[in-house]
Amino acid sequence: MEGLNQSSEQRSQGAAVSDLAIELIGINKHFGPVHANRDIHLKVKRGTVHGIVGENGAGKSTLMSILYGFYHADSGEIRVDGVPQKITDSRHALALGIGMVHQHFMLVDNFTVLENVVLGAEDSAMLAPTLDKARNQLKKLADDYGLEVDPDAVIENLSVGQQQRVEILKALYRGAETLILDEPTGVLTPAEADQLFAVIRTLRAEGKTVLLITHKLREIMAITDEVSVMRQGAMVKTLETKTTSPGELAELMVGRRVLLRVEKGPAHPGKVLLEVEHLVVTDDFKIPRVKDVSFSVRAGEIVGIAGVAGNGQSELLESITGMRDQQSGVVRLNGVPLSLEGDDGAARARAAGLAHVPEDRLRMGLVTNFAEWENSILGYQGSYGKGIGLDIAMARKEAEEHIRKFDIRPPNMDLKTANFSGGNQQKIVLAREMERNPDVLIVGQPTRGVDIGAIEFIHNQIIKMRDAGKAILLVSVELDEIRSLSDRILVMFDGQIVGEADPATADETELGLLMTGSHPGRIADAGPGTLPAHETPVQKTLVERSPQDNSDKGTD
Amino acid sequence: MRGQLPRWVDVALLPVLNVVLAFFIAGLIVLAVGQDPLKAISIMISGSIGDGYSLGYTLYYTTDFIFAGLAVALAFHAGLFNIGPEGQAYIGGLGVILGALALNGMHWALVLPVMIVGGALFGALWAFIPGYLQAKRGSHVVITTILFNFIAVSVMGYLITRVLKPAGVNSDESAPIDPLTRVPALAQFTDFFKHTPVNVTFILAIVALFVVYWLVWRTKFGFAMRALGHNPTAANYAGISNEKMIMIVMALSGVLAAMVAVNNVGGVQGRLILNFVNGAGFVGIAVAFMGRGHPIGVALSALLFGMLYQGGQALAFEMPDIKKEMIVTIQALVILFTGAMGEMLRIPVAGIFNRLSAPSSSGEGGR
Amino acid sequence: MEQYVTLVQILGGTVRLAVPVLLACLAGLYSERSGIVDIGLEGKLLASAFAAAVASAVFGYAWIGILFAILAALAFSAIHGLASINFRGNQTISGVALNFLAAGLTVFLGNAWFHRGGFTPQLNGPQRFFPITLDTLSAPLDYVALPEWVPGIDWLRPIVQFLLYVIELPFYWFGRLVALVLGWVASNPIGEPLVNQLLLGHNIITYFAFLAVPITAWVLFRTRFGLRLRAVGENPKAIDTAGISVSRLRYQALIITAVLVGIGGAYLSIAQNAVFTPNMSNGRGYVALAALIFAKWRPGPALLVCLMFGFLDALQIRTQGATLAGLWDAINWIFGSWLPAIPAALAGIKTYEIPVQAVQVLPYVLTVILLAGFIGRAVAPKASGLPYTKDR
């Protein structure tokens, strides 16, 4: 701690020299052939909240990782408090007063809050004195910034919002003067996000500098003083937030005018295709995650399940699609109960006409070591060829068709799937699942980690499936996505459906309250089939084709 | 992004370089104890393929190593590291001898299928149990297959010395198989191989290479198996039963391993003796890694190890200070370099190729 | 009374036989807690047993044997680290390779150097460790005789010897004190076997092994290093973003692993035995690994599991060549009056000699059974087996 105190003294001396907390001059960074950051210049004033926006793959996270010492820039200069610094590693960045809260938390799940906070910032070889000191320090930080959290709680028992607090506390404990927050609201409920913003305002009031990386323009407008826009690895412009508008920012981000809504006609729901009754599902540790859930999806409608990640949505999807055993309950397809027991239940679900675009394409939906054509039959391999032999010619023919219809790039079916961009990988999965003409399509997080051009394409494909009379169940933690695609919204909290809403009329606050289980009563039931024909005038953050499809590869 | 290398570099050049490196280090070790590695190599080469006699022995060893290598390779395609071919082959010997003795005296062409099936059943069982424990109880197949090697030694030791040993015989072995029933040596059909142990099982091994290729790359089962090996969660998503696949693949792996017993018990020895596998199962691990799991690679590396083993016998006469354990050392180095340290040579080789192919590109160097 | 003595003897054997497994198990604990699966424990154990026997035979001192044992284990750990940390190779494969390397090299080098078919020369005197007994504890203090090969000037010798004497003194007095107390305990018939068979009668490595258990627990849960070690095995990214080198931590863990397993290997060849025999580790490395899983990567339970394996081993040695009658008597002795008498028809069973293989196989079967469950869910450190990369 001695060293840290010393450096904060140095910083206050530097303060007299410059009113810039951070200055980046001509930063360049390559990952193999990808030019992730090109000649970036950025000035961040002390005591401000500075937003950095850009679409997926614009190079925001790379730039911040360079500032935090996680990567090294190929060229360029970093000035902290006006003093040029060669930031060697994260420890050095911390010593300079730069802290970072990563998008994916860097916490040890089975450690306590206290242990996580002191990890890497221990004073001595023995733990006890550090832990005692940290306990006091945490109390003080909690009082100063409103960051209450039980120091002895184990991380894996905390909510995502609380875990994020621990990350912020970690940075503050280390004496951070500048705090980088990378997509901090991605995993939060609207209410939690509001709390976070309150914390950010307090931090600013205390003289700290905050760098907020996000792709959500609403947040930029709400909290930042200045905003910098990045596109394809380059810094486009820095603006004062007061003087700009979401429309202008969006245009800067994608390079041309942007349409801020999904085009979608009215739904024409038909007969019930998917029926879930009293479903109970446990996780790997036999803890119930889905608790008596019932709902149905009709032909020609999209039912969206909204909720904070980790409230049983994953287990729900996995059990309906046969990947996870159910404790009790029934899943009916076309009125026929599905038998999904055993670890090959997914095969039976598919055979019955249920297709599944999984939440996590890399972990589940694809074998990244397989060639593209092999992934285009994954799950359906049984239907290629008679007997036990695999009809490779037939599989390749179909793969070719997928590539053509879904514009999968590069159009090379022999290329290893790992070498496709996120958006194109997702297209491989979608093509496979949609081209089979299933009755029911289950879609989880369809646009996670996907570039903008592909997002629009994917959304349109989903709507096309709906209009072709398929029943679609959509699960996403992106509330905006749920609201703009769904014809009916179910809100899931703590393993239960706690409410149903009409996307046209539901307001965000109420949904947010439902998602956190703090709503006093359910939103009025819109009732299936009674949906009014409407467009969804919900603002989506971004919908347009980006000039370059593959730009997210290897960055962010 | 890691620089993409031409396919032939990944498939052929790097494995060869790794093997060369392994042999180079082995040579240094030989040098370190004051022996001449070059002399040793020349003795081994002439002693292993110099004439029909030595080639016959080499191919006999090769037969063992092809089966053991395929056993390891097949399981590895499903993501399972089967270190137990040694024990599976040993237990397979029980099936072979029971089948052979039951039909003792009949013509070998009739009995061979029975020996194969008998060995296959026992070998499959011995591999199935670790597979079952992995699938149903989550006990790691690496450790259980190792332990099953130890258990096989005790089980077979007991059976041979206490049960199968005929009364009035001194040495620890089963009753012999009738010469008519034994798997015939190739020498019976051609003079070229003189009195060498290579037998009809060698042809079976060649057939097994093709069958395994077909199974892994040309069938739905193989597709499912490889999906499981690369990504078990995706396999589950695809409706492939991880549990069933693990058990089936392990059993198949055990079947392949047990064919070592057909070669030795049914053919060369004509009886069940103690420790007839003699490390062949372990060689299979090196063979599989060196051959990168592909039947062509397995065939080539099995041949190389066959040469090493036969050449090693020749060496023992001329340079007695180089014991046959030197081959175990080479085996270890091959596994280390081809199986675990592939990146070591890949990085400089990729660097060379990047420089050659893209001299003008500015952004090089992987992450 | 006779059974009591037998029991204490078996317990003494338990302690002796548990030592190499315990040391290997604790060694594995460090590396696995740091995220490196160590199948290579077996090979490290074997290589260090060989190095200890060779160095001890060549240099004449058991302590130098231990030093070389640790060096050998360090060399193996370095290869393991290079493969699994620097080149991000498969940790299991490199571990297996190390096991073969040890099996091949020890015999090859042993034979090239000593021409005894892979055996090393028999060790005696100061070349090996001897059990500490009441007699050795209270023996008068000897001057340490400096070996011939210690270079140096003649006038230095008495000074060095005097210094050694001074260093030895406190140990000597401590030994006297212990001998006094234990001698008193041993003076009654109940205490006598306890002292001579269980508390004493072990060599110094045994005491070290048992001491290593609380030390390990303390390091793991009370120190900065332990905190980081546990963190790097669970989430190396948390360590990396805190500005601590993941590779360095893992290498540090591997070094501790090497020291412990090296001492364990030395125990096999220069303490428990007085010679290196080919493949003398005999699967103990694997058993240690299984014990580690069964103990859920915690030092206390690891001790208990290793003692259980030791007990089994001790029983095995005692039952060699025994008949079922012995087993029957033992059961009778434990459960006494609750058992019915053997029916006459089954009396023949008593004379059935237990096959030696059935007894030998017991530890392995038990290990399989332990691994197969009945232990609840063993959750390994989350990052174990995975090479660390900064990529997503």
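Please read all numbers here as calculations on a predicted model, not as lab measurements.

Undergrad: Hey, could you run me through the overall build of chain A in this one?
TA: When helices and strands are counted, chain A shows 18 helices and 20 strands. Taking all 556 residues of chain A together, the buried fraction comes to 54%.

Undergrad: Which parts of the structure should I look at to understand the overall build of chain B?
TA: In terms of regular secondary structure, chain B is built from 14 helices and zero strands. When the helices and strands of chain B are listed from N to C terminus, the series reads α-α-α-α-α-α-α-α-α-α-α-α-α-α. Whereas a compact globule of 367 residues would reach a radius of gyration of roughly 21 Å, chain B reaches 22 Å, a difference of no more than 12%. Across the 367 residues of chain B, 59% fall into the buried class. A separation of at least 24 residues holds for 76% of the contacts in chain B among residues at least 6 apart in sequence.

Undergrad: Would you mind showing me how to read the interface of chain B and chain C here?
TA: Often, the extent of an interface is quoted as the loss of accessible area upon association of its parts. Contacts between the two partners involve 37 residues from chain B, matched on the other side by 39 residues from chain C. Going through the elements one at a time, α5 (108–137), α6 (141–164), α11 (280–290), α13 (325–340) and α14 (342–357) of chain B are the ones with two or more residues in the side of chain B that touches chain C. With eleven residues, the top contributor of residues to the side of chain B that touches chain C is α6 of chain B. Per-class residue counts for the side of chain B that touches chain C are 22 nonpolar, eight polar and seven charged.

Undergrad: Quick question: what am I supposed to make of the nonpolar core here?
TA: For soluble globular proteins, nonpolar side chains are generally found buried alongside one another. Formed by 403 residues in total, the largest nonpolar core has its most connected members in Val491 of chain A, Phe67, Ala68 and Ile335 of chain B together with Leu23, Cys25 and Ala291 of chain C. In this structure alanine 291 of chain C touches Val21, Cys25, Ala302, Val305, Cys306 and Phe309 of chain C, once residues within four positions along its chain are discounted.

Undergrad: Can you walk me through the interface of chain A and chain C in this structure?
TA: If you look at the interface, chain A gives 21 residues, while chain C gives 15 residues. In terms of residue count, the dominant contributor to the side of chain A that touches chain C is helix α3 (residues 90–95) of chain A (four residues). Looking at the side of chain A that touches chain C residue by residue, the classes come out as ten nonpolar, six polar and five charged.

Undergrad: I tried to follow the sheet that holds strand β12 (residues 288–298) of chain A on my own but got confused; where do I start?
TA: Working definition: the strands of a sheet are paired by backbone hydrogen bonds and lie parallel or antiparallel to each other. The four strands are arranged β12-β11-β14-β15 (chain A) in an open sheet whose pairing can be described as antiparallel. Of all the strands in the sheet, the pair left with one neighbour each is β12 and β15 (336–337) of chain A.

Undergrad: Explanation requested: helix α6 (residues 160–173) of chain A in the structure shown.
TA: Residues that lie three or four places apart on an α-helix share one face, since the helix turns once every 3.6 residues. For α6 of chain A, spanning 14 residues, the distance from its first C-alpha to its last is 20 Å, which sits close to the expected 20 Å at 1.5 Å a residue. Glycine 175 of chain A sits one or two positions beyond α6 of chain A and adopts a positive phi of about 80 degrees.

Undergrad: Could you clarify how one ought to interpret the pairing of strand β6 (residues 98–101) of chain A in this entry?
TA: Along any regular strand, the residues point their side chains to alternate faces of the sheet. All names here are of chain A. A two-sided burial pattern is seen for β6, the buried positions comprising Ile98 and Met100 on one face and Gly99 and Val101 on the other. Pairing geometry for β6 and strand β7 (residues 178–182), over four bridges, is parallel. Within the sheet, the bridge partner assigned to glycine 99 lies in β7 and is leucine 179.

Undergrad: Help me out: how do you make sense of the environment of valine 229 of chain A in this one?
TA: All names here are of chain A. You can see valine 229 is positioned in strand β9 (residues 226–231). We classify valine 229 as buried; it has 24 C-beta atoms within 10 Å. Each C-alpha atom, one on valine 229 and one on histidine 215, is 9.9 Å from the other, the two residues being 14 residues apart in sequence. Filtering out sequence-adjacent residues up to four positions away, valine 229 remains in contact with Val53, Gly54, Val236, Lys237, Leu249, Leu252 and Met253.

Undergrad: Please clarify how the packing of helix α3 (residues 52–77) of chain B against helix α10 (residues 242–269) of chain B should be interpreted in this entry.
TA: A packed helix pair is summarised by two numbers, namely the angle formed by the two axes and the spacing between the axes. All names here are of chain B. Viewed as axis vectors pointing N to C, α3 and α10 meet at an angle of 170 degrees, and their least axial separation amounts to 7 Å. When the axes of α3 and α10 are compared, the pair comes out roughly antiparallel. Residues Tyr60, Thr63, Asp64, Phe67, Ala68, Leu70, Ala71, Leu74 and Ala75 of α3 lie in contact with α10, whose contacting residues are Val249, Met250, Leu252, Ser253, Leu256, Ala257, Met259, Val260, Asn263 and Val268. Each residue belonging to the contact of α3 with α10 can be placed in one class, and the counts come to 15 nonpolar, three polar and one charged.

Undergrad: I tried to follow the environment of phenylalanine 282 of chain B on my own but got confused; where do I start?
TA: Tracing the chain through its elements places phenylalanine 282 of chain B in helix α11. For phenylalanine 282 of chain B, a count of 25 C-beta atoms within 10 Å translates into the label buried. Put simply, phenylalanine 282 of chain B and alanine 68 of chain B are 214 residues apart on the chain and 7.7 Å apart in space, counted from C-alpha to C-alpha. Excluding residues that lie within four positions of it along the chain, phenylalanine 282 of chain B makes contacts with Glu86 of chain B together with Phe100 of chain C.

Undergrad: Could you clarify how one ought to interpret unusual backbone geometry in this entry?
TA: Between arginine 409 of chain A and the following residue, proline 410 of chain A, the backbone shows a cis peptide bond with an omega angle of -5 degrees. Turning to its location among the elements, proline 410 of chain A is positioned in the loop between α14 (392–405) and α15 (422–434). With a phi angle near 45 degrees, glutamate 183 of chain A is a residue other than glycine that sits in the positive phi range. Tracing the backbone shows glutamate 183 of chain A in the loop between β7 and α7 (190–205). When the 19 C-beta atoms within 10 Å are taken as the criterion, glutamate 183 of chain A is described as partly exposed. With a phi angle near 55 degrees, histidine 115 of chain C is a residue other than glycine that sits in the positive phi range. Tracing the sequence through the fold places histidine 115 of chain C in the loop between α4 (91–114) and α5 (134–138).

Undergrad: Hey, could you run me through the packing of helix α2 (residues 37–49) of chain B against helix α12 (residues 295–318) of chain B in this one?
TA: Residue and element names in this part refer to chain B. In contact at an axis separation of 7 Å, α2 and α12 are set at 115 degrees when each is read in the N-to-C sense. As for the relative orientation of α2 and α12, their crossing is right-handed in sense. Here Ala40, Ile43, Met44, Ile45, Gly47, Ser48 and Ile49 of α2 lie close against α12, whose contacting residues are Met307, Leu308, Gln310, Gly311, Gly312, Ala314, Leu315 and Glu318. Partitioning the contact of α2 with α12 into residue classes produces nine nonpolar, five polar and one charged.

Undergrad: Help me understand the sheet that holds strand β19 (residues 488–493) of chain A in this model?
TA: All names here are of chain A. In space, the six strands of this open sheet follow the order β16-β17-β18-β13-β19-β20, with mixed pairing throughout. The open sheet terminates on both sides in strands that have one partner only, identified here as β16 (354–357) and β20 (496–501). In this sheet, neighbouring strand axes are inclined to one another by 20 degrees on average, regardless of whether the strands run parallel or antiparallel. In terms of strand pairing, strand β17 (residues 440–444) meets strand β18 (residues 471–475) through five bridges, oriented parallel. Bridging from a neighbouring strand, valine 440 pairs with alanine 471 of β18. In the packing of helix α18 (residues 508–515) onto the sheet, the strands contacted are β13 (301–306), β19 and β20, and the crossing angle to β19 comes to about 35 degrees.

Undergrad: Could you clarify how one ought to interpret the confidence of the model for chain B in this entry?
TA: Note: predicted coordinates in regions of low pLDDT should not be interpreted at a detailed level. All names here are of chain B. Residues of chain B with pLDDT of at least 70 account for 96%, and the chain-wide mean is 89. Scored below 50 in pLDDT, residues 359–367 makes 14 contacts in the model with residues more than four places away or belonging to other chains. As a predicted assembly, this complex carries a pTM of 0.83 together with an ipTM value of 0.84.

Undergrad: Any chance you could explain the confidence of the model for chain A here in plain terms?
TA: Residues and elements named next belong to chain A. Taken as a whole, chain A shows an average pLDDT of 83; of its residues, 87% reach a score of 70 or greater. Segment residues 1–16 is flagged for pLDDT under 50; beyond a separation of four residues in sequence, or across chains, it makes 17 contacts in the model. Long-range and interchain partners of residues 521–556, a stretch whose pLDDT sits below 50, account for 113 contacts in this model, where long-range means more than four residues apart.

Undergrad: Explain helix α11 (residues 246–272) of chain C to me, please; I cannot follow it from the model alone.
TA: All names here are of chain C. With 27 residues, α11 extends 37 Å between its outermost C-alpha atoms, agreeing within 8% with the 39 Å of an ideal straight helix rising 1.5 Å per residue. The sharpest bend along α11 comes to roughly 35 degrees, located at alanine 266. With 21 of 27 residues buried, α11 is to be regarded as a mostly interior element.

Procedures and definitions
Residues numbered from 1 in each chain as written. Chains lettered and ligands numbered in written order. Predicted model: local features only at pLDDT ≥ 70, side-chain atom pairs only at ≥ 80, totals over all residues. Helix = DSSP H or I, 4+ residues; strand = E, 2+ residues; numbered from the N terminus. Buried ≥ 20, exposed ≤ 12 C-beta atoms within 10 Å, placed from the backbone. Rg over C-alpha atoms; globule rule 2.2 N^0.38 Å. Contact = placed C-beta atoms within 7 Å. Nonpolar A, V, L, I, M, F, W, Y, C, P; charged D, E, K, R; others polar. Core = buried A, V, L, I, M, F, W, Y, C linked by C-beta atoms within 7 Å. Pairing = 2+ DSSP bridges. Expected span 1.5 Å × (residues − 1). Axes fitted to C-alpha atoms, helices over the stretch in contact; angles between N-to-C directions. Parallel < 35°, antiparallel > 145°, perpendicular 65-115°, else oblique. Left-handed = near helix turned anticlockwise from the far one by under 90°. pLDDT = per-residue confidence, 0-100. Bend = angle between axes of the 7 residues up to and from the residue.

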